[in-house]
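Reading the structure
This is what each chain is made of:
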Amino acid sequence: MQKHLKFILISLLCFYVLPVFAQDGPVQQLRWMGHWEGEGLREQLVREVLDDFTFENQDIRVQFKFAADVLPEKSQSAEAAFLADMIRSGNITWDVVWMDALIYRKVAVLLNDPDWGRKYLVDFAEVPGFKETQKPFLVDGPDCHKQTGGVFTGPYIEGFFYALWYNTEVAAALGLQIREEEMSADDLLSYARRVDEYNRTADVPVSLFADNYNSGAFGRLAYNLFNSAAPEDSAGNTEPAIRQVLDTFGKLGRLHPVLYSEPKGTWLDTARRLTENKALFMIEPTWRYNTLKDSFPQSLRKLRLAQMPGFQKQRYYAGGFIPVWAVMKNSPNRAAAIRLMQFWSRPEIAEKWIRYTKSPTGLAGNLYDPEYGNDLFAEYQRKLALNRTLKPDIFISESDRSPINPVLRSLRPLLRGEISADEVYRKFEEKSE
């Protein structure tokens, strides 16, 4: 009996007490602001990384919340205001923060300091071995990280391509065979004419485009058209290309291409119109795959991807790679935060990202290459990237310096037939003089 009791006491001692002495040092606290909540497998990936990191780094206690649960609303503006307030106060309450190029620019405006990142963010170019975990074209060369003030703010986990999502059932009902590769501006206009013709007698009209006011969809369409027509030499005359873009939008506007586009509509409202056969196209990057899969799983089978239209054969593809997180330089848990970013930057994560999201990644050394996948999303990437170079997304690049930027605000009035291409171009010329 005594031996049995002794065994029980020793077992309890090992279970409850010894782990306290097994720590190599004091437990570090790490506050991590997450991303991709409510986006299906992307959220699952974040939670899996959280579980794996805490298990493998038991000297670090992670306090995790998604950005939507920290901020008044999940938006780049709200995050920028949060970061600016944290920097002004000097009270660094979060070690790993949500970060992308737009957030960086908004903080720069709020602080009136375009170089704020050098003062307040860890530059991962200075972390030994970190550059080798990313694809070389993203981290080598004088133009790298220019959208974040020249600071390598964190891993380029997320990649995306522009895509023209379309509904195959709607296309079949209209008698259309959508050209998925090298769609021309004339192809797009022919689809618009067929939709307009169909709507003259249809009980339930179909919109050429599903869209909402905040999507940036038509800016991306104009940018892609412009790039296909503009001279490769950036110093060349771009005005003829801008004129071509405006003329195309003007022609589309006469065919009533946007039937549903309320100012307060959400992205889910837009996607629902596409999935409910009320629209033919939706212009969205490939990153929408996870939200579509999560919100409309039964409809994903009828959606396909087509290359964005151009005026001539496209030697590029538009898209980008985004740094998702940053580490505050004055973080009390800076070393632990850097370890988390290193944990994210492994080949295993690259493999999972591509498998879960059907999008590219900027992480290097991935074991699985989407160019050799079998599903239609991997096939889209394979064809799009073949022998083409990347053109940065207009909303990641310095859009205020893009030649097409001055006419972006006129695109929606053009599509609604509220203004003519001639009027827009005249105003553009006046501002250019």
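Figured I'd write up the structure that's included with this text. Think of each chain on its own: its residues are numbered from 1, step by step along the sequence as written. The predicted nature of this model means local features are confined to residues of pLDDT at least 70 and side-chain atom pairs, given and counted, to a pLDDT of 80 or more, with totals for whole chains, interfaces and linings taken over all residues. Note that water and hydrogens are dropped before the side-chain values are worked out from all heavy atoms of the structure.

1. Quick word on the overall build of the chain
For the chain, the helix and strand inventory stands at 19 helices and 11 strands. Accessible area of the chain: about 20800 Å², with a carbon and sulfur share of 50%. Helix numbers and strand numbers start at the N terminus; a helix is a DSSP run of H or I with at least 4 residues, a strand a run of E with at least 2. For the accessible areas, the method is Shrake-Rupley and the probe is 1.4 Å, while residue cover comes only from the protein chains on display.

2. Comments concerning the pattern of salt bridges
It is possible for side chains of opposite charge to pair when their charged atoms get near one another. Throughout this description, the term salt bridge denotes a Lys or Arg side-chain nitrogen within 4 Å of a carboxyl oxygen of Asp or Glu. Under the definition given, this model contains 27 salt bridges. Asp85 is the salt-bridge partner of Arg88, the closest N and O atoms lying 3.0 Å from each other. Taken as a pair, Arg88 and Asp85 lie in helix 5 (residues 76-89) at a separation of three residues, close to a single helical turn. As a salt-bridge pair, Glu197 and Arg194 come within 2.7 Å of each other at their nearest N and O atoms. Taken together, the residues span about one helical turn, with Glu197 and Arg194 both in helix 10 (residues 185-199) at a distance of three residues. Here the salt bridges share partners, and the residues they tie into one network are Glu39, Arg42 and Glu158.

3. What about the nonpolar core?
For soluble globular proteins, the rule of thumb is that nonpolar side chains tend to be buried together. We call a set of buried Ala, Val, Leu, Ile, Met, Phe, Trp, Tyr and Cys residues a nonpolar core when their side-chain atoms join them within 4.5 Å. Burial status follows relative accessibility: with a 1.4 Å probe on protein chains alone, a residue under 20% of its type maximum counts as buried, one over 50% as exposed, and anything between as partly exposed. Core analysis: the biggest nonpolar cluster contains 57 residues, and Ile178, Leu208, Phe209, Phe249, Leu280, Phe281 and Ile404 have the highest contact counts within it. Among the elements that line this core, the one with the most residues is helix 11 (residues 217-229), at eight residues. Of all hydrophobic cores here, the second largest spans 39 residues; its members include Phe53, Leu340, Phe343 and Ile354.

4. Some thoughts on the sheet that holds strand 4 (residues 158-161)
Here we have three strands laid out as an open sheet, ordered 4-9-11, and mixed in their pairing. Of all strands in the sheet, those bounded by a partner on one side alone are strand 4 and strand 11 (389-392). Each strand of the sheet is rotated relative to its neighbour by a mean of 40 degrees, with strand direction disregarded. Here, a strand pair is defined by DSSP locating no fewer than two bridges between the strands. In this structure, strand 4 lies alongside strand 9 (residues 316-322), joined through four bridges in antiparallel fashion. Within strand 9, the residue paired with Phe161 across the bridge is Gly319. Of the strands in this sheet, strand 9 and strand 11 are in contact with helix 11, which crosses strand 9 at around 130 degrees. Simply put, an axis is a line fit to the C-alpha atoms, just over the touching stretch for a helix, and the angle between two N-to-C directions goes from 0 to 180 degrees. We call two residues in contact whenever any of their non-hydrogen atoms come within 4.5 Å of each other.

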